[in-house]
Amino acid sequence: MIPQDFEYSAPASLKEALELIATGERKILAGGMSLIPLMKLRLAAPEHVVDLARVPGLDYITESGGTVSIGATVTHHDLESSPVIRGRAPLLAEAAGHIGDTQVRNMGTIGGSIAHADPAADYPASLLALEAQIRLVSAKSDRTVPASDFFLDAFTTAIEPGELVLEVLVPTEEPKEGYRYEKVAHPASGFAVVGVAARIKKAGAKISMARIGVTGMSSRAFRALEAEKLLESGAGVAQAAATVAEGQEANQDLYASADYRRHLARIWAARALSVALSRAS
Amino acid sequence: MATTTTKPETLFGKKIRRREDPRLLTGTATYLDDIKMPGMHHACVVRSPHAAARIKSLNVKPALARPGVTAVFTGADVKDLGPIPCGASLPGLRTPHHHILAQDRVYLVGHPVAVVVATDRYIAADAVDLIEVDYEVLPAVSDPEKALAPGAPAVHPQWPDNTAFTFHQEGGDITGAFAQAEVVVKQRITSQRLIPTSMETRGVVADWHAGDKSLTLWSSTQIPHLLRTLLAGILGMPENHLRVITPEVGGGFGSKLNVYAEEALMAFVSMRIGKPVKWVESRRENFLCTIHGRGHVDYFELAARRDGTMLGLRLKLIQDLGAYHQLLTPAIPTLSVLMMPGLYKFKNISADIVGVFTNCTPTDAYRGAGRPEATHGIERMVDILAAELKMDPAELRRKNFVGKDEFPFQTATGLAYDSGNYVLPLDTALAEIDYPALRREQQQARASGKLMGIGLSTYGEICAIGPSPATPAGGWESATVKIEPSGKITVMTGASPHGQGEETTFAQIVADELGVDIDDVVVVHGDTAIVQYGIGTFGSRGTAIGGTALYYALQELKGKVKKFGAMLLECDDVALAGGKCVDERSGKSVPFAQVAAASYRAMKLPPNTQPGLVATYFWEPPNFTFPFGAHVVITDVDRETGQVSIRRYVAVDDCGKIINPLIVAGQVHGGVAQGLGQALWEQAVYDENGQLLSGELTDYALPRAHMMPWIESSHTETPSPVNPLGVKGVGEAGTIGCSPAVVNSVVDALSHLGVRHIDMPLTPEKVWKLIQGGRA
Amino acid sequence: MKISGSFLVPVPQERAFRLLQDPVVLARSMPGCDTLERIGDNEYHMKMKMVLASISGLFDGKVRIADSRPHSSFRLIVEGAGRIGFMKGDGLLTLTPVEGGTNVGYEGTVEVGGTIAAVGQRLLDTTARMMIKRFFEKLTAESASSGAFSPTAIL
Ligand SMILES: Cc1cc2nc3c(=O)[nH]c(=O)nc-3n(C[C@H](O)[C@H](O)[C@H](O)COP(=O)(O)OP(=O)(O)OC[C@H]3O[C@@H](n4cnc5c(N)ncnc54)[C@H](O)[C@@H]3O)c2cc1C
């Protein structure tokens, strides 16, 4: 890669990292799967790159008290293959498995992905459906933001200057609940043309809880609240799925028009929900 | 002592692993960007962001002021060099003067405007951003049909109709054919613009030696010798002061069968700065500045009788040429015309080509070069006719095939098909899939609302390009074989393989002919100072022509080896086997090494024989070769989303005799991948201002491994009588056979909904809309 | 690329019309706008820094107001060029009084070239819409802080 000149620091502790990003035009480097291509094309030209690679203890996956904590530098591959995630937040493991290709999954991190907030990234749909929280720290602050308040717009998040994503906190899924992540991958970029994450809990024959996150369709991932409500009040999958695109502006590109994206969101929501339903017990 | 010599098994036809792979797979091969030289400078090219603009001013001072920047050159510096050559000659062809750097106007996005030279690549890239160019943006046109409309912006102001040439070819009695016709089917069929995208982009290193006024130029090219000749012309330099070397070339697919501005530019830069200089193309540049392929809008009309007898084919072909002619740009659509009758015996054709300038990247030869377009056209038209006549598409094809006893078959386009048995691969493929059972399954699927399709393409191609009268720069190929004093064998081929595996297949030919171990053979290519003149590798010609030249060189050499062998063994004649010359009567033998040593030591020479063991052969082929085959594709279409998935892909190809089935399989797989790319995913999309929107791999969808179906590949073998090896060529077969089979399959899946044609690529949205009720 | 849409600006039509042509307000509302200097009648030189996540680029360009039909419509032409490419937006803004303020409809084209066009295709549409949304949001905010503008002071 032939980027512009930049300064590079590889802090050896979180404290040092936070001090480094506290001022000036600093850019965090995690897996580099989004940042480096942009630097290579000179679409990004950070003056100072702060690499998290040597910061110890940011790549943990732990579970306690009904919450799975995922450190910012956990890679997509680690998520996909972690027994904890597969057991306690399998929706997220499924989503991670859909990201890019093997190389990207080996390098890219959850912190980097959500900080980048590509409107077609895979995680946001699942994080919304899981009602995850994102913990942001800076040299002076430490706060936790729900996923629904984190993804603000295309490439725009609640991260303030000087903050970094420390961890993602996911309430564990119950073993009885059904889940599914479905994705239409763009044939070139691999990103989600549309991605739908679905969770279903049943009480007897009825749906007691439904969560639906949609990514790729719009400038930011969103929860299909109307469809969730319909399902929870006894509507069928088809009827609920038909509403997922309502009230949302849809993206368009060479591959898919806005109308087709909406259509895909409805079709794949129905398919994701059907699988989730069949997995719920 | 008498020994019995058993004739060793020949290597011809054996699955020998590619000898080039270990170095390629272990990262020890030397590609262009691996070349490092003391004092080497780096160049970056400043390119136009506009498709059409006048350069009002150009300020290079801020770039020159950047420490590390050695020089900046602009159009004014190179205005007397060139032009970049076009090798195609057509009557009345308008050829814009193609400067190495833009003069006062740019004609496409990516047009080189200046070159920055610096001590390292980062500085060069930074300095590009410091060059100030003031453009007056002009209207541009990117769609060839719009470019032909009255009042369209003129790409080149001197030719307001944007027409570079028109070309008419006719054979037989086309008017009569259409007069007799009981059915005429018409269809507009496009073959979209594609970006060849070889894994290695282009790159050039130039090293000027002021002392002897000579220049060594490394380029990632398919045609080192032609490049040298043409570059000498551009630079005004004696050809023999120029040496062109191709390091390892990471694919070309025709895109490196060209002479590019940067090759001349780096030569110029090195001469001016007196230092070696390197330029390596970025992927973005590769998408904008290396040729594109296809770019056809075709209007077909096929005349037939109700019984399915095809009578004649008319074609109006609009070729999007781009802004300039590269080496073969205008010639490519003429190849389409040659191929237009396909494998069918009707003898009446008429074709009109309009070559159109657009403010886009030039089109030129891309895998198949003109032939995939033609095959796509005829194979789609046959299916459209079958649908019109409610005939089975396989049956309609059989009815119209040139019969296996009709070869050589003279086509309406002036070709003589060498050999063939067209029914055989079709029937083999249909048997493989159990065609009748699938048709029944299709009926049931339709009844239950599912969409599945069966698509055929029975393609033919023109390979071994080609006899010299049909090729702009000569169509022969050369080979030299040397037996070194130690008995080891060195082959120098004028063909310039870049992934096709000739280092293996050629060594197989040598091993068989001389009866030596394949490990004793080295194949050298791609250095004009070492290898005798040659034409290059493209048009599936490497083995069929280059291999044949080698075969004949070996025959000459064998004669000489035998003379020395017989002299040493004191007998009349010897056989070559097991790395030895063997007197079959006495059983006495002498190893090659001894024969070779004797020939160079030359203490004693056979009568009328000169020392040394070297033979060179330049072979002029008497004809093209004409491979053929049948591809059958079964698709399932998701009714709700329009997503196409390939259930089975069966390819039965006939490329004549097969020297190495592994290599042939590789060529078929790669070819099919690129055919699928065109059928399903790839398209170079320009907006109306001439901006390439699919400008990176994030939008331009290449087939990747996980997108590929399993390819069930098999072969029939109909030897070519054109060359003694009986080979025909297989480099482009997969690409040519594939796309119509896929499109026919999807149209077949949707035919009961009234769909007759879909243009490529078959994106899900397009297919979905047709399922929604739009007819095409 | 074609763009169209509408926003509600919570001020009366006449005021909205003035706000939308006020260089101070424009400078504050246009995402990334650093400076806006008058260079002629209804024509301004603009420097802007576009920042979108990791992507950033400096643009140098012009803002022009044309075909002004007080207080109902005008054309806003914004063009800029920089290292990462160039862009040109040309839109007709139409103002109609509605309950609670003024409806500002826009319809026009955005042309993009250079690296951003070639590699950002997937995101162009989203980004354009986002920028427009930010513009109107800022404008709305500006309109609230009523004393903030005084066109005559600048012109
Ligand atoms: C070929 C390819 C295909 C891809 N396909 C997909 C896909 O299908 N689905 C998908 O979702 N993604 C896809 N991606 C993107 C991938 O998931 C990236 O890994 C991810 O978006 C960024 O993570 P990273 O660790 O690589 O971050 P980096 O590239 O290192 O950083 C990205 C951004 O996040 C910031 N950042 C990084 N870490 C932190 C932190 N802890 N706190 C605050 N800011 C931080 C950086 O400053 C930068 O702005 C693909 C990428 C490639 C190259």
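What you see is a predicted model, and the numbers here were worked out from it, not measured in a lab. (Residues numbered from 1 in each chain as written. Chains lettered and ligands numbered in written order. Predicted model: local features only at pLDDT ≥ 70, side-chain atom pairs only at ≥ 80, totals over all residues. Heavy atoms only, no water.)

*Asks:* So what about the overall build of chain B? Which residues, and what values?
*Replies:* Counting its regular elements, chain B contains 19 helices and 28 strands. The globule rule puts the C-alpha radius of gyration for 776 residues at 28 Å, and the 28 Å found for chain B is close to it. Each principal axis of the C-alpha atoms in chain B carries an extent, and together these give about 85 × 75 × 45 Å. By residue count, 66% of the 776 residues in chain B fall in the buried class. Considering only intrachain contacts with a sequence separation of at least 6, the fraction spanning at least 24 residues in chain B is 80%. As displayed, chain B offers around 27000 Å² of accessible surface, 53% of which is attributable to carbon and sulfur atoms. In chain B, the 72 positive side-chain charges and the 82 negative ones have mean positions that sit 1 Å from each other. (Helix = DSSP H or I, 4+ residues; strand = E, 2+ residues; numbered from the N terminus. Rg over C-alpha atoms; globule rule 2.2 N^0.38 Å. Buried < 20%, exposed > 50% of the residue type's maximum accessible area, 1.4 Å probe, protein only. Contact = heavy atoms within 4.5 Å. Areas by Shrake-Rupley, 256 points an atom, 1.4 Å probe, with all protein chains shown as cover. Lys, Arg positive; Asp, Glu negative; His and termini not counted. Charge placed at Lys NZ, Arg CZ, Asp CG, Glu CD.)

*Asks:* Which residues make up the sheet that holds strand β12 (residues 277-280) of chain B, and what are the values?
*Replies:* Residue and element names in this part refer to chain B. Read from one edge of the open sheet, seven strands run β3-β5-β1-β12-β9-β10-β11, paired in mixed fashion. The open sheet is flanked by β3 (69-74) and β11 (242-245), the only strands paired with a single partner. Each adjacent strand pair in this sheet contributes to an overall mean axis angle of 20°, direction not counted. Judged from the six bridges that link them, strand β1 (residues 41-47) and strand β5 (residues 112-118) form a sheet pairing that is antiparallel. Note that in β5 the partner of Val 46 across the bridge is Ala 114. (Pairing = 2+ DSSP bridges. Axes fitted to C-alpha atoms, helices over the stretch in contact; angles between N-to-C directions.)

*Asks:* Go over the site of the ligand, please, and point to the residues and values.
*Replies:* Close to the ligand lie 32 residues, the nearest being Ile 28, Gly 32, Met 33, Thr 109 and Asp 122 of chain A. The residues that come close to the ligand belong to more than one chain, namely chains A and C. Between the ligand and the protein, one listed contact pairs an oxygen atom with a backbone N or O atom of Leu 35 of chain A at 2.8 Å. Within the backbone of Gly 100 of chain A, an N or O atom sits 2.9 Å from an oxygen atom of the ligand. Coverage of the ligand by the protein amounts to 91% of the 970 Å² it exposes when considered alone. Mapped onto the shell around the ligand, the elements with two or more residues apiece are β2 (26-29), α7 (110-116) and β10 (164-171) of chain A. Its residues assigned to classes, the shell around the ligand comprises 14 nonpolar, 15 polar and three charged. (Near = heavy atom within 4 Å. Polar contact = N/O pair within 3.5 Å; in protein donor to acceptor, adjacent residues only side chain to side chain. Nonpolar A, V, L, I, M, F, W, Y, C, P; charged D, E, K, R; others polar.)

*Asks:* An account of the pattern of salt bridges is needed here, citing residue identities and associated values.
*Replies:* This structure, assessed with the given rule, holds 71 salt bridges over all chains. Measuring nitrogen to oxygen at the nearest pair gives 3.8 Å for the salt bridge that ties Arg 180 of chain A to Glu 94 of chain A. Here Arg 180 of chain A, found in strand β11 (residues 178-185), pairs with Glu 94 of chain A, found in helix α5 (residues 90-97); they are 86 residues apart in sequence, far enough to count as distant. Take Glu 94 of chain A: its relative accessible area is 17%, and that puts it in the buried class. Salt-bridge contacts for Lys 558 of chain B lead to Glu 513 of chain B; the nearest nitrogen and oxygen are separated by 2.7 Å. (Salt bridge = Lys/Arg side-chain N within 4 Å of Asp/Glu carboxyl O.)

*Asks:* Report on the pairing of strand β9 (residues 203-209) of chain B, specifying residues and quantitative values.
*Replies:* Residues and elements named next belong to chain B. Extensive coverage of β9 is indicated by the burial of six of its seven residues. As defined by bridge partners, β9 adjoins β12 across four bridges and the pair is classed as antiparallel. Looking across to β12, one finds that Gly 203 is bridged to Val 280. In the sheet, β9 pairs with strand β10 (residues 214-219) via six bridges, with the strands oriented antiparallel. From the neighbouring strand, Trp 208 faces β10, where its bridge partner is Leu 215.

*Asks:* Could you give me a rundown of the packing of helix α9 (residues 332-339) of chain B against helix α10 (residues 371-389) of chain B, with the residues and numbers involved?
*Replies:* All names here are of chain B. At a minimum axis separation of 7 Å, α9 and α10 run at an interaxial angle of 40°. By the angle between their directions, the pair α9 and α10 is classed as oblique. With respect to the hand of their crossing, α9 and α10 are arranged in right-handed fashion. Of the residues in α10, those touching α9 at Ile 332, Ser 336 and Met 339 are Arg 371, Glu 373, Ala 374 and Thr 375. Its residues assigned to classes, the contact of α9 with α10 shows three nonpolar, two polar and two charged. (Parallel < 35°, antiparallel > 145°, perpendicular 65-115°, else oblique. Left-handed = near helix turned anticlockwise from the far one by under 90°.)

*Asks:* Outline the interface of chain A and chain B, supporting the account with residue identities and numerical values.
*Replies:* The interface of chain A with chain B comprises 21 residues on the first partner and 27 residues on the second. Summed over the shared surface of chain A and chain B, the result is eleven residue pairs in polar contact (both at pLDDT 80 or more). Looking at side-chain class alone, the side of chain A that touches chain B contains 13 nonpolar, five polar and three charged residues.

*Asks:* Explain the environment of Ala 265 of chain A to me, and be specific about the residues and the numbers.
*Replies:* Residues and elements named next belong to chain A. Its location among the elements puts Ala 265 in helix α12 (residues 258-279). Considered as a pair, Ala 265 and Leu 43 are 222 residues apart in the sequence and their alpha carbons are 30 Å apart. Leave out the neighbours within four places in its chain, and Ala 265 touches Val 194, Val 196, Met 217 and Val 244.

*Asks:* Outline the domain arrangement of chain B, listing residues and values.
*Replies:* Residues and elements named next belong to chain B. What the domain assignment lists for chain B is domain 1 (21-29 + 476-619), domain 2 (37-138 + 201-249 + 256-289) and domain 3 (296-466 + 623-771). The C-alpha centroid of domain 3 is placed 39 Å from the C-alpha centroid of domain 1. Counting residues at the interface gives 20 residues for domain 1, matched by 19 residues for domain 3. Each partner contributes to the roughly 1400 Å² buried at the junction of domain 1 and domain 3, and carbon and sulfur atoms together form 65% of this total. Ranking the residues of domain 1 by area buried against domain 3 places Gly 539, Ser 540 and Ala 544 at the top, with a combined share of 32%. Counting across the domain 1 and domain 3 interface gives zero salt bridges. Linking domain 1 to domain 3 there are eight residue pairs in polar contact (both at pLDDT 80 or more). Going through the elements one at a time, α14 (502-514) and α15 (542-569) are the ones with two or more residues in the side of domain 1 that touches domain 3. In terms of residue count, α15 provides more of the side of domain 1 that touches domain 3 than any other element does, seven residues in total. (Domains from an automatic or database assignment. Buried area = accessible area lost by both parts, 1.4 Å probe.)

*Asks:* Which residues make up the layout of surface pockets, and what are the values?
*Replies:* Here the second largest pocket is characterised by a volume of approximately 1500 Å³. Looking at the second largest pocket, it is lined by 45 residues, and the ones nearest its centre are Leu 254 of chain A together with Val 685, Tyr 686, Asp 687 and Leu 693 of chain B. Top element by residues in the lining of the second largest pocket is strand β7 (residues 101-113) of chain C. It accounts for four residues. Class assignment of the residues belonging to the lining of the second largest pocket gives a composition of 16 nonpolar, 13 polar and 16 charged. (1 Å grid on protein atoms, 1.4 Å probe; cavity = no way out; pocket = protein on both sides within 12 Å on 5 of 7 lines; lining within 4 Å. Points joined across faces, edges and corners; volume = space filled by probe spheres on them.)

*Asks:* Break down the sheet that holds strand β6 (residues 133-137) of chain A for me, citing the residues and quoting the values.
*Replies:* All names here are of chain A. With antiparallel pairing, the five strands of this open sheet are ordered in space as β4-β5-β10-β6-β7. The open sheet has two edge strands, β4 (61-64) and β7 (142-146), and neither has a second partner. Strand-to-strand twist in this sheet, taken as the mean axis angle between neighbours without regard to direction, amounts to 25°. The pairing of β6 with β10 spans five bridges and is classified as antiparallel. By the bridge assignment for β10, Arg 135 is matched with Glu 167.

*Asks:* Tell me what's going on with the domain arrangement of chain A, and back it up with residues and numbers.
*Replies:* Residue and element names in this part refer to chain A. Segmentation of chain A into domains returns domain 1 (7-51), domain 2 (61-171) and domain 3 (179-280). Summarising the inter-unit geometry, the C-alpha centres of domain 1 and domain 2 are found 19 Å apart. The interface formed by domain 1 and domain 2 holds zero residue pairs in polar contact (both at pLDDT 80 or more) in total. Broken down by class, the residue content of the side of domain 1 that touches domain 2 amounts to eight nonpolar, two polar and no charged.

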